[in-house]
Amino acid sequence: MDDIRHKIPTPPVRFLDLFRLDIRQQGLAYQTEKTYVHWIKRFIFFHNKRHPKDMGAAEIEVFLSHLSIHKNCSINTQRIALNALIYLYKRFMGLDIGELSFTPATAPRRLPVVYSREEISAILRFLPPTPHLMVELMYGSGLRSAELLSLRIKDIDFAGYNVLVRAGKGNKDRSTLLPKRLIKPLKHQVSIVESLHRHDLQAGFGEVYLPDALSRKYPDASQQTAWQFLGTSD
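Please read all numbers here as calculations on a predicted model, not as lab measurements. (Residues numbered from 1 in each chain as written. Predicted model: local features only at pLDDT ≥ 70, side-chain atom pairs only at ≥ 80, totals over all residues. Heavy atoms only, no water.)

Turning next to the overall build of the protein. Per the secondary structure count, the protein includes nine helices and three strands. For the protein, whose C-alpha radius of gyration is 22 Å, the value lies well above the compact-globule estimate of 17 Å for 234 residues. The principal-axis extents of the C-alpha atoms in the protein amount to approximately 60 × 50 × 30 Å. Within the span of the protein, comprising 234 residues, buried residues form 35% of the whole. For the protein, the distance from the average position of its 33 positive side-chain charges to the average position of its 23 negative side-chain charges is 2 Å. (Helix = DSSP H or I, 4+ residues; strand = E, 2+ residues; numbered from the N terminus. Rg over C-alpha atoms; globule rule 2.2 N^0.38 Å. Buried < 20%, exposed > 50% of the residue type's maximum accessible area, 1.4 Å probe, protein only. Lys, Arg positive; Asp, Glu negative; His and termini not counted. Charge placed at Lys NZ, Arg CZ, Asp CG, Glu CD.)

This brings us to the packing of aromatic side chains. Summed over the entire model, instances satisfying the criterion amount to eight aromatic pairs. Taking 5.7 Å as the distance between ring centres and 50° as the angle between the ring planes, the aromatic pair formed by Tyr 36 and Tyr 87 counts as tilted. With Tyr 36 in helix 2 (residues 30-46) and Tyr 87 in helix 4 (residues 75-92), this residue pair connects regions lying 51 residues apart in the sequence. According to the relative accessible area criterion, Tyr 87 is buried, its value standing at 5%. Seen in terms of ring centroids, Trp 39 and Phe 63 are 6.3 Å apart; in terms of plane orientation they differ by 70°. Their pairing is edge-to-face. Of the two residues, Trp 39 sits in helix 2 while Phe 63 sits in helix 3 (residues 57-69), which places them 24 residues apart along the sequence. Note on Trp 39: relative accessible area 7%, which makes it buried. (Phe/Tyr/Trp six-rings, centres within 6.5 Å; stacked < 30°, edge-to-face > 60°.)

So, about the environment of Leu 149. Within the fold, Leu 149 resides in helix 7 (residues 145-149). With 74 residues separating them along the chain, Leu 149 and Ile 75 place their C-alpha atoms 29 Å apart.

For the rest of this paragraph, the subject is a nonpolar patch on the surface. A grouping of Val 113, Tyr 115 and Ile 123 is seen on the molecular surface, where their side chains present a nonpolar patch of about 290 Å² in accessible area. Position of Tyr 115 among the secondary structure elements: in the loop between helix 4 and helix 5 (117-124). (Patch = residues over 30% accessible without salt bridge, like charges linked within 9 Å, V, L, I, M, F, W, Y side chains within 5 Å. Areas by Shrake-Rupley, 256 points an atom, 1.4 Å probe, with all protein chains shown as cover. Salt bridge = Lys/Arg side-chain N within 4 Å of Asp/Glu carboxyl O.)

Quick look at helix 3 now. Here helix 3 is 13 residues long and its end C-alpha atoms lie 18 Å apart, about the 18 Å a rise of 1.5 Å per residue gives. Of the positions making up helix 3, those classed as buried are Glu 59, Ile 60, Phe 63, Leu 64, Ser 65, His 66, Leu 67 and Ser 68. If you follow the buried residues of helix 3, they end up packed against helix 2 and helix 4. (Expected span 1.5 Å × (residues − 1). Contact = heavy atoms within 4.5 Å.)

Right, let's get into the pattern of salt bridges. Under the definition given, this model contains nine salt bridges. Residues Arg 24 and Glu 33 are paired through a salt bridge, measuring 2.8 Å at the closest nitrogen-oxygen approach. We classify Arg 24 as partly exposed; its relative accessible area is 24%. What makes Glu 33 buried here is its relative accessible area of 0%. One continuous salt-bridge network, built from bridges that share partners, spans Arg 20, Arg 24 and Glu 33.

Here's what the structure looks like:
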């Protein structure tokens, strides 16, 4: 799942493992960690796998200019890459890279495509039951795809008509509306997950991934039905 963090060896030795550990110690969201690691890898490979300690401002400027001139990246994309590199050198490595001079990106950020009701209906007609329900829930509750895939049974509040989103954008929790017309199919989906979970437990399995340190705090929670992912299907 999208919220499963990369396992860091104990003790960490490799450069990127140490970098990941530093990000987690700073309390940054896992999405930020994945994004920063992605851009640091691209930076390293762009410079023929040179170690960041052997590079500096000049290499950063060349890389950022390359994104703008040759990759035609958006302003937002270049800014994210810049933020990752600044964190790497200033926060993680403690190096002063001074003022940077690079070719700024000019491509505007692409606006997201919003489907009309008719287009959504056309898409839904071709989907099998479980994906059909999940797309309806994503559209009706305004969920991001990562939020949808991370939903667990306990996150559906049938009584209050709410969907609880854990560690969403900005690593923040929030709630959104649950369309009443989806309550019956969602309860059916929950019954499917419960049935599959019982069979898994009987077979000696049935444990699910728990975020952060919850597995230590609640040792039995990984086998509880409430923590099972909602999107499971047979």
